[in-house]
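What follows is each chain in one-letter form.
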Amino acid sequence: MKKIIVIGGGNAALCAAITAAQHGAKVIILESAPKELRGGNSQHTRNMRTYHPKPTKTLVENYPFEEYYEDLLKVTKGETNEELATLAIKSSVDLYYWMESLGINFQPSLKGTLSLSRTNAFFLGGGKTLVNREYQIAEDLGVEVLYEHEVLNIKLSNNEVSYLEVKLPNSNIEIFKADVYIAASGGFESNREWLKEAWGEHAKNFLIRGTKFNQGKVLKSLLEQGVQKVGKEEQGHAVAVDGRAPLYDGGIVTRLDCVPFGIVLNEEGKRFYNEGEDFWPKRYAIWGRLVASQPNQVGHVIIDSKSFDLFMPSVFEPTKADTLEELAQKLGLPIEQVIKTIDEFNGAVVDGEFDLTKLDNCKTEGLDINKTHWARRIDTPPYYGYTLRPGVTFTYLGVKIDKNARVYMEDGKPMTNLFATGEMVAGNILSQGYLAGIGMTIGGVFGRIAGEGAANV
């Protein structure tokens, strides 16, 4: 029986482990987190973007391949691996039905997000329920899970993995060997020093939405030994999160979805981007970088009572005031400049028919930075404010793979016994930007491919 070691414990790793076990392999998962914190960033997810030519139990209408691919090209500005992107998209519907066959349940799209009921399959109970169910399935298939086993180094020789150096729960270092290996241990977003090297000193002010265990040690080990890298070190998925979120594991609930319904100011009390540029699922992922580019990496979204019930409720209570002056004072913003900005904004609003379900005709005219949709005057108290910080989900620097999820060396030769999936391969498809739910799609699709490929080496 072929012995396979899967490095990592999130959805991509579990899809790989389950598939390999289904193909008759003996599988061991090395998860660096303790059991209660298992699941990587997948524990914080809600959904995956799914191509489907016809409605399913929970996805309405259809989501054609052509539209999905075009959506991807928009956010990546055309920079993607066409072969791998096409494979990921077309296989996403098979992933959906495969998960369903395993007893993973889906639910209709949650309210408060825009236009996701047609494109994204939501996991019933969220990401934590998903990974708990996947662990149960894996263990029922005989997969052995070793928690608090951190892979420090992958030793390579002649285009193959020789062994792993693994830190055990008692801090001893032990050598692990297998016939085939699957790397699925995420990016380096939780390694603060690497993040500052790649993104600059201001990265010290970033919050990490996911697990603290994604330190990038496996990725660094591979790249230092000549594995071909893909993706840009300074690129990743980052959104605007509540500034009161914890340093790690704030998860999806700390994201604030009220930006399209108000205006966003920097510390100087000035707007800096079009808050209504496009539907939120196609733009939320740019706001992390936008806030990161502002003084002290802080932004402040301001809405009035007309918009308060239009988005997913926030985990933390907003700052609330009866006047804009009071709100600016509570947020620590320059009152005079805030009032000037809002007065100019209100004066530039062109009345239209407000409609959340489409790119409506509510807009501003004559401003240096116009708001092109869902623009309404901020004039109805009480007023609300949230302080925003950049929240990093995962980084895009990874390893080069082919359509079989096989890892490649810098000399262009494939590794004989190493496959990869998850965030470690996302950079093959995501050069920049992000499309809601596609990270889970990439991880699941290439997890299944890697699992089958590893079992058949």
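Because the structure is predicted, anything quoted here is derived from the model rather than measured. (Residues numbered from 1 in each chain as written. Predicted model: local features only at pLDDT ≥ 70, side-chain atom pairs only at ≥ 80, totals over all residues. Heavy atoms only, no water.)

### Describing the overall build of the protein
Then comes step 1: Helix and strand counts for the protein stand at 11 helices and 22 strands.
Then comes step 2: Taken over the C-alpha trace, the protein has a radius of gyration of 23 Å; the compact-globule value for 457 residues is 23 Å, and the two agree within 12%.
Then comes step 3: Its C-alpha atoms put the protein at 70 × 45 × 40 Å along the principal axes.
Then comes step 4: In the protein, which comprises 457 residues, the share counted as buried stands at 58%.
Then comes step 5: Long-range contacts, defined here as pairs at least 24 residues apart, represent 73% of the contacts in the protein between residues at least 6 apart.
Then comes step 6: Carbon and sulfur atoms form 47% of the exposed surface of the protein, whose accessible area is close to 17900 Å².
Then comes step 7: Separation of charge centres in the protein, based on 50 positive and 58 negative side chains, amounts to 3 Å. (Helix = DSSP H or I, 4+ residues; strand = E, 2+ residues; numbered from the N terminus. Rg over C-alpha atoms; globule rule 2.2 N^0.38 Å. Buried < 20%, exposed > 50% of the residue type's maximum accessible area, 1.4 Å probe, protein only. Contact = heavy atoms within 4.5 Å. Areas by Shrake-Rupley, 256 points an atom, 1.4 Å probe, with all protein chains shown as cover. Lys, Arg positive; Asp, Glu negative; His and termini not counted. Charge placed at Lys NZ, Arg CZ, Asp CG, Glu CD.)

### Here we look at the sheet that holds strand β10 (residues 180-183)
Then comes step 1: Within the open sheet, the 6 strands sit side by side as β6-β2-β1-β10-β22-β21. Their pairing is mixed. Looking at which strands have only one partner, the edges of the open sheet turn out to be β6 (144-147) and β21 (406-408). For this sheet, the mean inter-axis angle between neighbouring strands, taken without regard to orientation, is 30 degrees. (Pairing = 2+ DSSP bridges. Axes fitted to C-alpha atoms, helices over the stretch in contact; angles between N-to-C directions.)

### Digging into the pairing of β10
Then comes step 1: Burial along β10 is two-sided: the face carrying Val180 and Ile182 and the face carrying Tyr181 and Ala183 are both buried.
Then comes step 2: Bridge count between strand β1 (residues 3-7) and β10: 4 bridges; the pairing is parallel. Paired with Ile7 across the two strands is Ala183, which belongs to β10.
Then comes step 3: Inspection of the sheet shows β10 paired to strand β22 (residues 414-420) by 3 bridges, in the parallel sense. Across the sheet, Ile182 pairs through a bridge with Phe419, a residue of β22.

### Considering the pairing of strand β8 (residues 160-167)
Here is the key point about a regular strand: its side chains alternate between the two faces of the sheet.
Then comes step 1: Relative to β8, strand β7 (residues 150-157) runs antiparallel, the two being bridged by 7 bridges. Opposite Leu156, over in β8, you have Val161 as the bridge partner.
Then comes step 2: Two elements, β8 and strand β9 (residues 173-176), share 4 bridges in a ladder whose sense is antiparallel. Directly across from Glu165, in β9, lies its bridge partner Ile175.
Then comes step 3: Where β8 folds back onto β9 in an antiparallel hairpin, the turn is made up of 5 residues, including Ser171, whose phi is positive at roughly 75 degrees.

### A look at the side chain of Asp402
Then comes step 1: Tracing the backbone through its elements, the reader meets Asp402 in the loop between β20 (398-399) and β21.
Then comes step 2: Within the buried core, Asp402 has no salt-bridge partner, and the shortest N-O distance to an opposite charge, that of Arg406, equals 5.1 Å.
Then comes step 3: Reaching out from Asp402, the side chain makes a polar contact with the backbone nitrogen of Arg406 at a distance of 3.1 Å.
Then comes step 4: Looking at Asp402, its side chain comes within polar contact range of the side chain of Tyr408, at 2.9 Å.
Then comes step 5: Ignoring anything within four residues of it in the chain, the contact list for Asp402 reads Leu84, Tyr408 and Phe446. (Salt bridge = Lys/Arg side-chain N within 4 Å of Asp/Glu carboxyl O. Polar contact = N/O pair within 3.5 Å; in protein donor to acceptor, adjacent residues only side chain to side chain.)

### Quick notes on the domain arrangement of the protein
Then comes step 1: The assigned domain composition of the protein is domain 1 (3-201 + 212-233 + 396-456) and domain 2 (238-391).
Then comes step 2: On a C-alpha basis, the centroid separation for the pair domain 1 and domain 2 is 33 Å.
Then comes step 3: Listed per partner, the contact involves 20 residues of domain 1 and 18 residues of domain 2.
Then comes step 4: Linking domain 1 with domain 2 are 0 salt bridges, by the criterion used here.
Then comes step 5: Summed over the shared surface of domain 1 and domain 2, the number is 2 residue pairs in polar contact (both at pLDDT 80 or more).
Then comes step 6: For the side of domain 1 that touches domain 2, the secondary-structure elements that each account for two or more residues are α2 (65-76) and α5 (192-199).
Then comes step 7: Per-element tally for the side of domain 1 that touches domain 2: the top contributor is α2, with 3 residues.
Then comes step 8: Here the side of domain 1 that touches domain 2 is composed, by residue class, of 7 nonpolar, 6 polar and 7 charged. (Domains from an automatic or database assignment. Nonpolar A, V, L, I, M, F, W, Y, C, P; charged D, E, K, R; others polar.)

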